[in-house]
Amino acid sequence: MESYKQHYRQFLAQHPGILHCSPHSHYYWPDVTRDAQLAYWSDSAAGADHKWDVIFGERIPNVQRLLAELLDHPHPEQFVFAANTHELLYRIISCFAPDEPLRILTTDGEFHSFSRQVQRLEERSNVQVTRVACEPFDTFSIRWQDALQAHEFDLIFTSQVFFNSGVQAPALSDWLAAVPQRTQVVVDGYHGCGAIPTSLQNVADRIFYIAGSYKYLQAGEGCCFMAVPKNCTLRPEYTGWFADFANLAKPRQAAVGYADDGYRFAGATMDYTALYRLEAVLLWWRRIGLTVDHFHKRVKSLQKAFLESLDEAQHPLLHRQALLRDENRDHGHFFTFVLPSAEQTASVAAALREQGVETDYRGNRLRFGFALYHDIADYQQLKKALQAI
């Protein structure tokens with residue numbers, strides 16, 4: 001199996017002897033991102049007030065094209081950027097009148113950007129939220145379909161890969177056709193984008209797809225994006241001057257105008273350093289011929305070797321049978337193990353850290369992620385660590 005470690009020399013050099021098994025939380029940045037960071041500074045210095053001409057005229061369109069290629073999306077101009085997914089999410093929510101009923105369908109496995117916000121919205125008497133429990137996973141698809149048929153919703157929000165389990169949600173093709181056109185559908189792709197082969201070709205005019213650079217796109221925090229349905233006419237109340245950037249020089253109109261593309265959901269001034277880093281990563285992937293399909297197949301091989309190392313270690317708590325979801329089912333790029341208690345989980349994670357194995361946990365769930373900078377031989381360190389604790 002080809003090694004990619006040489007592309008991550010600078011991050012790896014800062015963590016000698018560490019097996020980093022939490023890239024689903026914070027992925028190491030490849031070396032190409034350092035030059036990209038400096039390129040933003042150089043463009044800012046050269047352009048000063050006019051740097052926006054380069055950013056909006058060259059950099060953003062290029063990244064839009066690269067993301068459209070990555071996600072098999074037919075409309076690059078429908079991608080809009082923000083510093084975080086919460087900002088984009090709340091723009092969608094702000095399209096609904098605050099004094100009218102709002103019925104939302106979601107799951108109990110959504111990341112805090114959505115789950116916290118929607119819990120706060122529920123304090124309004126006119127907001128009603130239906131949450132479908134993710135577990136048991138074997139019956140989730142049926143229970144999701146039942147919920148869809150029970151009511152008509154204004155907004156549906158679900159993940160592509162659930163952040164707290166690594167389990168892939170049912171495919172859009174299984175249920176989207178049953179959703180009325182008036183219902184806005186949002187997919188949180190953060191733990192799938194760049195990891196799971198994804199085609200938005202057939203749903204590009206129907207769904208909002210939100211993701212960002214912090215996880216598998218490996219460009220760090222600060223560059224999130226959303227693919228907006230083509231011909232969307234929603235008018236977010238939470239809006240900024242970037243949302244009608246092309247008409248800034250024209251006399252102010254009585255009505256607030258919006259761009260005709262994805263940038264109708266834009267905000268205001270932001271630091272685009274992360275967009276430069278994302279551009280560098282996607283160009284690097286193209287240059288070395290790395291596709292998401294190849295990436296995913298490599299990770300599946302790593303996951304197989306990882307489990308074999310667990311078998312050999314024979315640890316009483318951390319073993320194949322403790323997997324939240326059977327390894328032969330659809331996972332993202334991390335595994336979640338369920339231990340008997342939160343205290344034991346914290347203890348195992350701390351002991352592994354002392355042995356040079358970085359992972360993360362939530363309650364009694366211990367998570368291990370897989371990265372391009374992993375090689376199969378690296379899991380011998382995990383085996384030795386487990387045998388030592």
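Residues numbered from 1 in each chain as written. Predicted model: local features only at pLDDT ≥ 70, side-chain atom pairs only at ≥ 80, totals over all residues. Heavy atoms only, no water.

Examining the pairing of strand β3 (residues 102–107)
Within a regular beta strand, the side chains point alternately toward one face of the sheet and then the other, so they alternate between its two faces. For clarity, the threshold we go by: Only protein chains enter the accessibility calculation, which uses a 1.4 Å probe; a residue is then buried when its area is under 20% of its type maximum, exposed when over 50%, and partly exposed in between. Secondary structure elements follow DSSP: runs of H or I of four or more residues count as helices, runs of E of two or more count as strands, with numbering from the N terminus. When DSSP locates at least two bridges between a pair of strands, those strands are taken to pair.
Most of β3 sits out of view: six of its six residues are buried. Here β3 shows two buried faces, one formed by Leu 102, Ile 104 and Thr 106 and the other by Arg 103, Leu 105 and Thr 107. Inspection of the sheet shows β3 paired to strand β4 (residues 127–132) by six bridges, in the parallel sense. Its bridge partner being in β4, Leu 102 is matched across the sheet by Val 127.

Some remarks on the sheet that holds strand β6 (residues 184–188)
Worth spelling out the cut-off: Helix axes use the C-alpha atoms of the stretch in contact, all axes being lines fitted to C-alpha atoms, and the angles between their N-to-C directions lie in the range 0 to 180 degrees. Throughout, a residue-residue contact means that at least one pair of heavy atoms, one from each residue, lies within 4.5 Å.
Strands sit in the order β2-β8-β7-β6-β5-β3-β4 across an open sheet of seven strands; the sheet is mixed. The open sheet has two free edges, formed respectively by β2 (79–82) and β4, since each of these has just one partner strand. On average, adjacent strands in this sheet sit at an angle of 20° to one another, irrespective of strand direction. Packed onto the sheet, helix α6 (residues 140–150) meets β3, β4 and β5 (155–159) and runs at close to 175° relative to β3.

Quick word on the side chain of Asp 360
Quick reminder of the rule: Pairs of N or O atoms are called polar contacts if they sit within 3.5 Å, as long as, within protein, a hydrogen donor faces a hydrogen acceptor (for residues adjacent in sequence, only side-chain-to-side-chain pairs).
With respect to the helices, strands and loops of the structure, Asp 360 is situated in strand β11 (residues 360–362). Polar side-chain contacts of Asp 360 include one of 2.7 Å to the side chain of His 24. Here the side chain of Asp 360 touches Arg 367 through a polar contact of 2.7 Å, side chain to side chain. Other than its neighbours up to four places away in sequence, Asp 360 contacts Ser 22, His 24, Ser 25, Arg 365, Leu 366 and Arg 367.

Overview of the nonpolar core
Just so we agree on the cut-off: Only buried Ala, Val, Leu, Ile, Met, Phe, Trp, Tyr and Cys residues count toward a nonpolar core, and they belong to the same one when joined by side-chain atoms within 4.5 Å.
Judged by nonpolar contacts, the single largest core of 127 residues is most densely connected at Tyr 272 and Phe 337. With residues up to four places along the chain from it excluded, the contact list for Phe 337 reads Phe 306, Leu 307, Leu 310, Leu 318, His 319, Ala 322, Leu 323, Leu 324, Asn 364, Arg 365, Leu 366 and Phe 368.

Re the side chain of Glu 279
Structurally, the position occupied by Glu 279 is in helix α7 (residues 273–288). Overall, the relative accessible area of 6% leaves Glu 279 in the buried class. Excluding residues that lie within four positions of it along the chain, Glu 279 makes contacts with Arg 59, Asn 62, Val 63 and Leu 66.

Focus on helix α10 (residues 379–388)
In an α-helix, one turn spans 3.6 residues; hence positions three or four apart end up facing the same way. Just so we agree on the cut-off: Here, the arc refers to the directions that run from the helix axis to the C-beta atoms.
Among all positions in α10, only Tyr 379, Leu 382, Lys 383, Ala 385 and Leu 386 are buried. Axial view of α10: buried residues confined to an arc of 165°, hence all on one face. Against β1 (19–20), α8 (292–313), α9 (342–354), β10 (357–358) and β12 (365–369) lie the buried residues of α10.

Regarding the packing of α8 against α10
Worth spelling out the cut-off: Should an angle lie under 35 degrees it is considered roughly parallel, over 145 roughly antiparallel, and from 65 to 115 roughly perpendicular; all remaining angles are considered oblique. Two helices cross in a left-handed way if the nearer one is turned anticlockwise from the farther one by less than a right angle. They cross in a right-handed way if the turn is clockwise. In this count, Pro and Cys sit with the nonpolar residues alongside Ala, Val, Leu, Ile, Met, Phe, Trp and Tyr, while Asp, Glu, Lys and Arg are called charged and the others, Gly among them, polar.
Two elements in contact, α8 and α10, have axes separated by 9 Å at closest approach and are oriented at 25°. Relative to α10, α8 is oriented roughly parallel. The element α8 and its partner α10 pack so that their crossing is right-handed. Between α8 and α10, the contacting residues are Leu 302, Ala 305, Phe 306, Ser 309, Leu 310, Glu 312 and Ala 313 on the first element and Tyr 379, Gln 380, Leu 382, Lys 383, Leu 386 and Gln 387 on the second. Here the residues of the contact of α8 with α10 are counted per class, giving eight nonpolar, three polar and two charged.

What to know about the packing of aromatic side chains
One pair of aromatic rings is described through two measures. These are the centre distance and the angle between the planes. Note the threshold: A pair of Phe, Tyr and Trp rings is counted when the ring centres sit within 6.5 Å of each other, with Trp represented by its six-membered ring. The angle between the planes then sorts it: under 30 degrees is stacked, over 60 is edge-to-face, the rest tilted. Only Lys NZ and Arg CZ are tested; either one counts as a charge over a ring when it is within 6 Å of the ring centre and within 35 degrees of the ring normal.
If you walk through the whole model with that rule in mind, you get 35 aromatic pairs. With a centroid separation of 5.8 Å and 25° between ring planes, the pair formed by Phe 140 and Trp 144 is classed as stacked. Taken together, the residues Phe 140 and Trp 144, both in helix α6 and four residues apart, mark about one turn of the helix. Put simply, the rings of Tyr 8, Phe 11, Tyr 27, Tyr 28, Trp 29, Tyr 216, Trp 284 and Tyr 373 pair up and form one aromatic cluster. The positively charged end of Lys 51 is found above the aromatic ring belonging to Trp 52, 5.2 Å away from the centroid. Over the face of the ring belonging to Trp 29 we find Arg 277, whose NZ or CZ atom lies 4.3 Å from the ring centre.

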